[in-house]
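Structural overview for review
Take a look at the letters that make up each chain.
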Amino acid sequence: MLVAENITKRFAGVTALDKVCLEFPAGQVTAVIGENGAGKSTLMKILSGVYADYEGQIYFRGQPVRFASIRDAQACGIAIIHQELNLVPYLSIAENLFLGRELTTDWGLLDQKQMRRKTQELLTRLKLDVPPDTLVGELKVGQQQVVEIAKALLEESEVIIMDEPTSAISESEVAVLFGLIRDLRREGKAVVYISHKLDELFTIADRYVVLRDGHSIESGPMAGMTPDDIIRKMVGRDITIIRQQAGKTCGEPVVTVRDLCLRHPTRPNENQLKNLSFSVGRGEIVGLFGLMGAGRTELLETLFGLHHGRASGRVWVEGKETFFTAPIGAIKAGLGLVPEDRKRDGLVLGLDVQTNISLADLGNVEKTGLLNRVKEALLARKYITDLRIKTPSEKQEARNLSGGNQQKIVLGKWLATNPRLLMLDEPTRGIDINAKNEIYKLMLQLADAGMGILVASSELPEILAVSDRVLVLSEGRLTAEFSAAEATENAILKAAIPSTI
Ligand SMILES: Nc1ncnc2c1ncn2[C@@H]1O[C@H](COP(=O)(O)OP(=O)(O)OP(=O)(O)O)[C@@H](O)[C@H]1O
Ligand SMILES: [Mg+2]
């Protein structure tokens, strides 16, 4: 269906793709695998008309094509779900879906009714239960991702490219998506699927192609492959996956929380967090598990002073009672928060890597009120090395880095504040398996050095890999606590599923 031949793409200082040759057959799901920064998204942007300046040739159904714009590619039948959300928060779901391809009546007016109806149809198919008029800015990240998927499915396309479509959605939504992908395959479409979640690839992909450092390495059928095979092809060598040693003893609490409540923003009689009490010890990694909407993010944000006015309860940091009315207080007291949505809350995309890294603690790089750019560059270079951030230099704009490497900048920014309690919200979203492993290793090292870590994740294997203790949230309540030895997937899931009374 779609063939890429000798595709080369250069950015200032980086060759993102170097003579890449790949094929995407009809009626098959092709997984594109590769580490962060391997060039996956860049290639997809070329195939879908985002970048028009590249070398090489693309063939669609055997015919040479060259797309001048996204619309051009769309008209040809190529749709893409982008890795980073590309929705307009101030427009409704229906308006976002039809942006640039609005339906009109015979009179040339916008056909709101028809657009709303089509949107509703798609939302029903995708099992997203919100009205088409809802502003996208009011949706959760996961819901926004479903809208992004709907956008790609709106028009009949022959090739559907999915660049990490599941990085923010829950398991039931993944199941719905996979059902759709199977339909598309049956209809003879070519599906291109990118994900760092290996189990997904084994569930849905028929073939794989490997990109490494901008080169196409090899391709083949998924059948008969093992996860280790895939990792080896991706990284070019074997890696061993880290796991926490059970039964580690931890120091006294860095943070203690009693009766933490958070009022619902619009329903005053309802609480989003209900009387939470727990503590995190020095050197301890506490995993926070919960299904979508359980209140994980709200909990971390409340501790960080982001919901002042709606929150109540008592908090002690290193024995001293404190309640933060704003993040600045939390940072000063030694808390750090790597947020869930790196693009919106974690980074200033238009600033370079070095400015982003120094941003949470300017004290590191300031002298008598002036910024010392040399010191700032040194600080950035330290984290670029430590975290293996793939960037041509510390002067690169954050927006130009690959998704996984952007995530590492956010991590570096908070490590630079040297926090006592580091809170991480889905820290490995969009991160390749090798980098994930490095982040786990880093968390274990930081804990060994005495830092308390509270990590919220929707991925059970991740929780099990790093936690000394696991807390389970369900509908705003703490429903269970497990030591590393007691924590099993079954027990955790059972506690996470809301009781049906
Ligand atoms: N607009 C840009 N300007 C400069 N460099 C860029 C730009 N876009 C991508 N790059 C660089 O090209 C390389 C490939 O990036 P790309 O986003 O394609 O990686 P990826 O395989 O999708 O990674 P990830 O798994 O992290 O999403 C990276 O080194 C990245 O920094
Ligand atoms: Mg990418």
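These numbers were taken from a predicted model, which means no experiment stands behind them.

Quick word on the overall build of the protein
- The secondary structure content of the protein amounts to 17 helices and 22 strands.
- On C-alpha atoms alone, the protein measures out to a radius of gyration of 23 Å, which is about the 23 Å that the 2.2 N^0.38 rule sets for 501 residues.
- Here the protein holds 501 residues, and 46% of them are scored as buried.
- Contacts spanning at least 24 positions in sequence make up 68% of the contacts within the protein whose residues lie at least 6 apart.

Section: the sheet that holds strand E12 (residues 271-281)
- Read from one edge to the other, the open sheet built from four strands follows the order E12-E11-E14-E15, with strand pairing classed as antiparallel. Because the sheet does not close on itself, it has two edges, and the strands there are E12 and strand E15 (320-322). Averaged over all pairs of adjacent strands, the angle between strand axes in this sheet comes to 10°, irrespective of strand direction.
- Contacts from helix H9 (residues 296-303) reach strand E11 (253-263), E12 and strand E14 (311-317), with the element oriented near 65° to E12.

Some words on the domain arrangement of the protein
- What the domain assignment lists for the protein is domain 1 (2-235), domain 2 (239-334 + 419-501) and domain 3 (342-402).
- For domain 1 versus domain 3, the separation of C-alpha centres amounts to 30 Å.
- Contacts between the two partners involve seven residues from domain 1, matched on the other side by five residues from domain 3.
- Across the side of domain 1 that touches domain 3, the residue classes break down as two nonpolar, four polar and one charged.

Here we look at the site of ligand 1
- In the vicinity of ligand 1 there are 20 residues, among which Phe11, Asn36, Ser41, Ser402 and Gly404 approach most closely.
- Contributing elements (two or more residues each) for the shell around ligand 1: strand E2 (14-24), helix H1 (40-47) and helix H14 (403-415).
- Residues belonging to the shell around ligand 1 are distributed by class as follows: five nonpolar, 12 polar and three charged.
- Counting residues domain by domain, the shell around ligand 1 receives three or more from each of domain 1 (2-235) and domain 3 (342-402).

Re the environment of glycine 224
- Within the secondary structure, glycine 224 sits in the loop between strand E10 (215-221) and helix H8 (227-235).
- Judged by the 7 C-beta atoms lying within 10 Å of it, glycine 224 is exposed.
- Residues glycine 224 and alanine 4, spaced 220 residues apart in sequence, show a C-alpha to C-alpha distance of 26 Å.

Some details on the nonpolar core
- Leu288, Met423, Ile453 and Leu454 are the most contacted members of the largest nonpolar core, which has 72 residues in total.
- A per-element tally of this core places helix H15 (residues 433-448) first, with six residues.
- Three or more residues apiece are contributed to this core by two domains, here domain 2 (239-334 + 419-501) and domain 3 (342-402).
- By size, the runner-up hydrophobic cluster in this structure holds 64 residues, among which are Leu43, Ala94, Ala168 and Ile194.

A look at the environment of arginine 342
- Relative to the helices and strands, arginine 342 is located in helix H11 (residues 342-346).
- Between the C-alpha atoms of arginine 342 and threonine 105, which are 237 residues apart in sequence, the distance is 40 Å.
- When residues no more than four places from it in sequence are discounted, the contact partners of arginine 342 are Leu347, Gln406, Gln407 and Val410.

Side note on unusual backbone geometry
- One non-glycine residue, glutamate 164, lies in the positive phi region at around 50°.
- In this fold, glutamate 164 is placed in the loop between strand E7 (159-163) and helix H6 (171-186).
- Residue classification places glutamate 164 among the buried positions, given that 23 C-beta atoms sit within 10 Å.
- Positive phi, normally seen in glycine, also occurs at asparagine 418, with a value near 50°.
- Position of asparagine 418 among the secondary structure elements: in the loop between H14 and strand E19 (421-425).
- In this structure asparagine 418 comes out as partly exposed when scored by C-beta crowding, with 14 C-beta atoms within 10 Å.

With respect to the pairing of strand E8 (residues 190-194)
- Taken across its five residues, E8 has five buried, putting it largely inside the fold.
- Note: strand E3 (residues 29-33) against E8, three bridges, orientation parallel. Its bridge partner being in E8, valine 29 is matched across the sheet by valine 191.
- The sheet contact formed by E7 and E8 spans five bridges and is parallel.

Here is what the cut-offs are and how they apply
Residues numbered from 1 in each chain as written. Chains lettered and ligands numbered in written order. Predicted model: local features only at pLDDT ≥ 70, side-chain atom pairs only at ≥ 80, totals over all residues. Helix = DSSP H or I, 4+ residues; strand = E, 2+ residues; numbered from the N terminus. Rg over C-alpha atoms; globule rule 2.2 N^0.38 Å. Buried ≥ 20, exposed ≤ 12 C-beta atoms within 10 Å, placed from the backbone. Contact = placed C-beta atoms within 7 Å. Pairing = 2+ DSSP bridges. Axes fitted to C-alpha atoms, helices over the stretch in contact; angles between N-to-C directions. Domains from an automatic or database assignment. Nonpolar A, V, L, I, M, F, W, Y, C, P; charged D, E, K, R; others polar. Near = placed C-beta within 6 Å. Core = buried A, V, L, I, M, F, W, Y, C linked by C-beta atoms within 7 Å.

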